[in-house]
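Structural description and commentary
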Amino acid sequence: MVRPAVPSTAPPAYDEGKPKGLDVPPWSELISNMTTILCPIIRMKLARRAVLSRVCLGAVAAGSLAALWNLPRWASWNEDISTTWLAALQLAGPLAAFVLGCLAALASKGRDRTAWQLLAAGSLFYLVGNIAYILAALSGDVKAFPTLPDLAFFLMALLFAAGIMIYGRRQSLPLMITACNFILLYGAVIFGVRFLLHYEIKDSLLNEFATMVAFLYPALWGSVAALAVIRLVLYPSGARRLPIALLCVAVLVEAAADLIYASQLMRDVFQVGGWAHLLWMISALTVAWAAIEHILLARAPEIEFDDGKQEKPRLLGQAAVPALILFLILITGTISGAFGRGLYQYFAACLTIVLTLTVGLRELWVIKTRRDLHSIAEERLFKLSESEDQLTSVLESTSDSVLVLDLDWTIRFFNRRALELVPELAEFGVGSRYWNLFRRDEREIFEPSLERVLATGEPWEVEVFSPARQMWLDLRAFPTGNGISLFFRDITEQRRIREENEHLAQHDFLTGLFSRSVFNRRIEEELGANDSRAVLVIDLDFFKEINDTKGHAVGDAVLVEVAKRVRNCVPQHTLVARLGGDEFAIVLENWLPRELVRLGIQVVETLSRPIVELGHSLTVGASVGIASTHAGAGRADLFIKADIALYDAKAAGRGRVMLFEPSMEARIRDRWALMADLAHAAENGELELAYQPLLDTASRRTGGFEALLRWRHPSRGMIRPDEFIPLAEESGLIIAIGEWALRAALAEAAKWPEELSVAVNISTRQLAHAQFLDTIITALMDTCIDHRRLELEVTESALLSETNLPILTEINHLGVGIALDDFGTGYSSLSYLQRFQFSKLKIDRSFIRSVPADAKSKAIVRTVVDLARTLGMHVTAEGVETAEQFEWIAENCDQVQGYFIARPMSAAEIPAYLAFESDKNRTTRSDVPPRVGLSTRKRRA
């Protein structure tokens, strides 16, 4: 670590009790003793045949490092160049350790990979901290110790401790034991360092906090070093002994360097290029060396571990002994002031309590756990010996074939069913090698997985096909501690039945396309970083009409043909699903938006071509909604966005292709909010009726009123019928709203003169409602109004369903008039006029708008009028807005309606309107019909 000298900010140092003439630090002899003890241990752990070559390599590396380190002195460089050169050298070590650590992690697997990832991460923190210190030193912006980069060095130590404990071990200690061990080591080393640096701490030129951080440096690395030595000595390492030994050396050197650094820092004598810097660099290069050794071992065959024998359970009383000893030592030192006075004494007391409790609880937990496990093991062993015969009987009676193997793959038991399924058992029998039963291709299937069961101790279950035996096997392997138990059975027939059921569950029974459940699973699958997904939702425009008029057999045949055509529009392995009814969907991966739109247009054009089924030539048509992750839709709501786009496509006039845009979602949410408000509009008194007069052209008097529904929203104001009526029909609210409008119109008509009628619009969904006829009868009876004064207006779309005609006939038998509204704008089939006797035809305003100027419009109107009179129906012209239109229409139609006559008015305005009309007619000569429309205009003005 490149750490510059820190400016002194501490109060005057203590001078009591310091020996005079002490030039050598009191801890130097201890470091020498520790090195003398640990070096033989490390040498014993190194591979014997590689010692000489490694020693030579180390000697060459040490010589090169010494030459590079002393180059500035030999070359007589100035201070700035020397500092820059040493800083560059100091960065080389951590950089090499980080790069080689990453390579070692890439070359490893399992726990070794995790260990080297931690070591590489620690080296990265090391490198980052050094860079920060160097930049601060070069810029002259040296802050008082400690600084933020020091946190990186503390994190580095923790990562190294975790990596060393994981490296090379097949199983790790529980987290609780590992944490306790490290806390104990760290606490003990803290006190050791505190003793070693006693005089430096007393005379420290740093403040108390900085001094504490300074001596925690070597304490932390000392505990990591102790942990590494314990790992090397107590736990088997196999072929990894050399890398672990090198890591031990690295952390020991790091601890020694930090001890020197802490001492110099507190005495304010730290200089760049001293022993601390050299040891730090040696430590980092030793970590790099360990990484190189591991990379060389990574491809070598795995060496088996020998975890050794377990110790016998200890007595419960032993748990208190370590804690008591530690407590006595630490509390004595704390009370006597050996650890310092003031803040240090409080710190030592707190640490004493924490460490004592930790030791006691840990030992208590360990001993109790061992005793419990030992008791359980003895009890189970006793029960196992008693039930061996019973277990054999159970295994013989099970429906599974059973094989029991030991760790050497020797057969120790098999039951009768296993002999039936594997006849080779009769030849080899108990005591033979398990793999002798298998043909080569079978062994290649099973051996890797069974080896993994032994290695990991985890059960394995699989359904696998054996080509040699031509059967499906359900195989379950369970580790037993001293081998493996295999349970298997022939499931060929069950597999065939299950695959058939799965196919039926995943495919639509009619079209053979994928089902909705498969579609849902596909769109929920995760996407790669650079992948995109799109959904096309297809809805048939006129399928309902075909299904209602031609029957379900024709409808099913149409769906099958539609599925074939859609399937032919997309690549072979594309997921095409039938979501239900006449709705289909396509899931595509990595298609651009413009390609999706082209595909949508192709689907619409394909489905617009006539379909010939069972003697019928049918045009079904389709609308397509598209959503793509390219176009702003998320994976989770891809279908919802496509459905919103489909809704816009159908609202735009069918036969359209729409790509989802965020504005569509805003519109649909607004529609949902409006629909939610509409559900409560009637009960909140927000709905109202406006009435528009129907003028008889013969008498020039009002013959009745058409009731027009209005919605006065509390916050949106007056909402147009063409905005909320479609919502009501779509949601089914039109049933309740229509009944309210019918009753309200009849109740108002009961107040009028008896010669005036009232016209009420009804929808297709109202006609299809089972209680609609009863609703009409009840409303007429409640208002005591003459049935002949009520007129119901329907559009041509209501006549598409065969089931509506009987309802209309029954209504007609009640004496209620039925008017065909907006004639000429719908399906315009003259067969409707032949099959049902309407009382009135209402010519749509689109034809009236151009008369009398447009000859074609006039011809159409005359034709409709002649047709209606021939069939015995009255004719009403809608949308009369000018005097010229009125004069011409009055000569041809029975009634007129429009703004020229009067605008829709509230119920309260009707009496005044009728009174004004009556007064006008009395003041007009009997031989000249009154101009009601002009009079009304003048009155409004």
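Scroll up for the structure.
Criteria and thresholds
Residues numbered from 1 in each chain as written. Predicted model: local features only at pLDDT ≥ 70, side-chain atom pairs only at ≥ 80, totals over all residues. Heavy atoms only, no water. Helix = DSSP H or I, 4+ residues; strand = E, 2+ residues; numbered from the N terminus. Contact = heavy atoms within 4.5 Å. Core = buried A, V, L, I, M, F, W, Y, C linked by side-chain atoms within 4.5 Å. Buried < 20%, exposed > 50% of the residue type's maximum accessible area, 1.4 Å probe, protein only. Pairing = 2+ DSSP bridges. Axes fitted to C-alpha atoms, helices over the stretch in contact; angles between N-to-C directions. Salt bridge = Lys/Arg side-chain N within 4 Å of Asp/Glu carboxyl O. Phe/Tyr/Trp six-rings, centres within 6.5 Å; stacked < 30°, edge-to-face > 60°. Lys NZ or Arg CZ within 6 Å of the ring centre and 35° of its normal. Expected span 1.5 Å × (residues − 1).

**Digging into the environment of Leu674**
Along the polypeptide, Leu674 turns up in helix α23 (residues 662-678). Sequence-distant contacts of Leu674, defined by excluding residues within four places in its chain, comprise Trp711, His713, Arg716, Ile719 and Leu727.

**Looking at the nonpolar core**
Of all hydrophobic cores here, the largest spans 75 residues; its most connected members are Leu790, Leu792 and Ile889. Ranked by residues supplied to this core, first place goes to helix α25 (residues 734-749) with seven residues. The contact partners of Leu792, leaving out residues within four places of it in the chain, are Leu742, Val760, Ile762, Phe772, Ile776, Ile811, Val816, Gly817, Ile818 and Ala819. Ranked by size, the runner-up nonpolar core spans 60 residues in total, among them Met156, Leu216, Val224 and Ala257.

**Description of the sheet that holds strand β6 (residues 533-540)**
Taken in spatial order, the five strands of this open sheet run β7-β8-β6-β11-β12, and their pairing is mixed. Each end of this open sheet is capped by a strand with a single partner; those strands are β7 (575-580) and β12 (657-659). Here the average twist between neighbouring strands, direction ignored, is 20°. Sheet topology note: the β6/strand β11 (residues 622-628) ladder contains seven bridges and is antiparallel. When the bridges of β11 are listed, Leu536 appears paired with Ile626. Here helix α18 (residues 516-524) sits on the sheet in contact with β6, β7 and β8 (583-589), set at roughly 125° to β7.

**Some points on the pairing of strand β3 (residues 460-466)**
As defined by bridge partners, β3 adjoins strand β4 (residues 471-479) across seven bridges and the pair is classed as antiparallel. Note that in β4 the partner of Glu463 across the bridge is Asp474. In this structure, the hairpin formed by β3 and β4 is closed by a connection of four residues, where Gln470 is found at a positive phi of approximately 55°.

**Considerations on the pattern of salt bridges**
Per the counting criterion, the structure on display carries 30 salt bridges. A salt bridge links Asp539 to Lys650; its shortest N-O distance comes to 2.8 Å. Here Asp539 is found in strand β6, whereas its partner Lys650 is found in helix α22 (residues 638-651), with 111 residues between them in sequence. Residue class for Lys650 comes out partly exposed when judged on its relative accessible area of 27%.

**Things to note about the packing of aromatic side chains**
Tallied over the full model, the rule gives 13 aromatic pairs. Between the aromatic rings of Phe705 and Trp752, the centroid separation amounts to 5.0 Å while the plane-to-plane angle is 55°, which identifies the pairing as tilted. With a gap of 47 residues between them, Phe705 in strand β14 (residues 701-713) and Trp752 in the loop between α25 and β16 (757-761) connect regions that are remote in the sequence. The exposure classification of Phe705 matches that of Trp752, with both residues buried. Each ring, one from Phe836 and one from Phe838, has its centre 4.8 Å from the other, and the planes form 75°; the classification is edge-to-face. You can call Phe836 buried: its relative accessible area is 5%. Phe838 gets classed as buried once you look at its relative accessible area, which sits at 1%. Members of the aromatic cluster, joined through ring pairs, are Tyr691, Phe705, Trp752 and Tyr913. Its guanidinium or amino end placed over the ring of Trp472, Arg495 lies 3.7 Å from that ring's centre, counting from NZ or CZ. Sitting above the plane of the Tyr899 ring, Arg903 keeps its charged end 4.1 Å from the centroid.

**A word on α23**
For α23, with 17 residues, the first-to-last C-alpha span of 24 Å sits near the 24 Å given by 1.5 Å per residue. Among the residues of α23, those classed as buried are Met664, Glu665, Ile668, Leu674, Met675 and Leu678.

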